[in-house]
Amino acid sequence: MEIISGETLQIFFLGTSGALPTISRNLPCILLKWGSHDLIFDCGEGSQRQMMKARAGFSPEAIYISHWHADHFLGIVGLLQTMSFGGREQALTIVGPDCVHEIVTDITRLCRTKLSFTVESVKANSGDVLIYEGYSIRVFDANHGIPGVGYIFEENMRAGRFNREKAIELGIRPGPLFGKLQRGSEVVITVDGKDKIITPGMVMGPLRPGRKIIYTGDTRPVLSELTEIGQDADLLIHDATFDRQEEERAKEFMHATAAEAGIVAQTLKAHRLALFHFSTRYTSTDSHIADAKAHFSGEIIAPEDLDIIDIPFRND
Ligand SMILES: [Zn+2]
Ligand SMILES: [Zn+2]
């Protein structure tokens, strides 16, 4: 497996409302920025203006749609047109469940103009792992009453710790050769007139896991889907449409409560939980936070639109 190093990872919460927008919350849209790679997860109506407000740029490589409820994808049409006006040439991939090919064809037809780039559709099936350079996207089934999926962004393993003392002991002087070893190349040094090969394995610790972000989309809790693949995420972004008071409604409309999101986060040992997709009935997310806190001991956030968070490397 190729090893990555040092990419920044940021999550832009561009739209955080449930099915209906409010004055302060736009429809669901999350932008994941990994180094220079931009990935969009769901793209509700008006997402392109949220991208402008967040100064997020307009160069997504791919758009991942969780399901085909209108609040999650109507923003694609306008975004495609804007990127075409901007002269985009790079092909765009739209990934989604079930009718993705038909819907992407419909969307590009709706634009009524020849786009400056091609749009490819990819069907997301539960269990799929889409492999890219440096990261992968894993697909799992959601439980929302219509075909729907969630996605797990997972960085490749990263290099182990560099043992500086060991390197010096072996005769390497601090400087460019350190960097070469850290990037996975062997180096040759001369000791007592003889060439000596130092391999990365001699000075680097074991590989460390990359960062992991889970986005559930709209769903009831799906712990059984996530038990194997969802452990130990740096961030779990979970449907929390309702608070505990509205548990029956959450079941009826196939959403989750914040308490249920907390249980999922705790069971999967997530490091941070972002509650997401708030119903318009709430003007505050205090009850959501309190409900999740009753079950989850890690950090809990209830992002507002345009909040940006960094996902740092872990200290392990
Ligand atoms: Zn929704
Ligand atoms: Zn939905």
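Just above, that's the structure.
This one's a predicted model, so the numbers in the text were calculated from it and none came from an experiment. (Residues numbered from 1 in each chain as written. Chains lettered and ligands numbered in written order. Predicted model: local features only at pLDDT ≥ 70, side-chain atom pairs only at ≥ 80, totals over all residues.)

K.L.:
So what exactly am I meant to see when it comes to the overall build of the protein chain here?
P.N.:
Scanning the protein chain from terminus to terminus reveals ten helices and 16 strands. The dimensions of the protein chain, computed from C-alpha atoms along their principal axes, are 75 × 50 × 35 Å. In the protein chain, buried positions account for 41% of the 316 residues. In the protein chain, the share of contacts with a sequence separation of at least 24, taken over all contacts with a separation of at least 6, comes to 64%. (Helix = DSSP H or I, 4+ residues; strand = E, 2+ residues; numbered from the N terminus. Buried ≥ 20, exposed ≤ 12 C-beta atoms within 10 Å, placed from the backbone. Contact = placed C-beta atoms within 7 Å.)

K.L.:
Can you walk me through the sheet that holds strand β3 (residues 37-43) in this structure?
P.N.:
Either a parallel or an antiparallel arrangement is found when strands of a sheet pair, and the pairing is made through backbone hydrogen bonds. One open sheet holds the seven strands; their spatial order is β6-β5-β4-β3-β2-β1-β16, and the pairing between them is mixed. Two strands lie at the open edges of the sheet, namely β6 (119-123) and β16 (307-310), each paired on one side alone. Within the sheet, the average angular offset between the axes of one strand and its neighbour, ignoring direction, is 20°. With six bridges connecting them, strand β2 (residues 29-34) and β3 associate as antiparallel partners. In the sheet register, L32 faces β3, and the bridge partner there is L39. Contacting β5 (92-96) and β6, helix α3 (residues 100-110) crosses the sheet at an angle of about 160° to β6. (Pairing = 2+ DSSP bridges. Axes fitted to C-alpha atoms, helices over the stretch in contact; angles between N-to-C directions.)

K.L.:
Hey, could you run me through the nonpolar core in this one?
P.N.:
One recurring pattern in soluble globular proteins is that nonpolar side chains are buried together. Grouped together as the largest cluster of nonpolar side chains are 68 residues, with contacts concentrated most on I30, L236, L273 and L275. The residues touching L275, leaving out its near neighbours within four places in the chain, are H238, A240, A258, A261, T285, H288, A292, I300 and A302. Core analysis: the second largest hydrophobic core is formed by five residues, A167, I172, I198 and V203 among them. (Core = buried A, V, L, I, M, F, W, Y, C linked by C-beta atoms within 7 Å.)

K.L.:
Even after reading the chapter, I still don't get helix α10 (residues 286-293), so can you show me in this structure?
P.N.:
Every α-helical turn comprises 3.6 residues, leaving residues that sit three or four positions apart pointing alike. Of all the residues in α10, the buried ones are H288, D291 and A292. For α10, the angular spread of the buried residues around the axis is 95°, confining them to a single face. Here the buried face of α10 lies against α9 (258-267), β14 (272-276) and β15 (299-301). (Arc of directions from axis to C-beta.)

Purely spatial values, then, with no claim about function.
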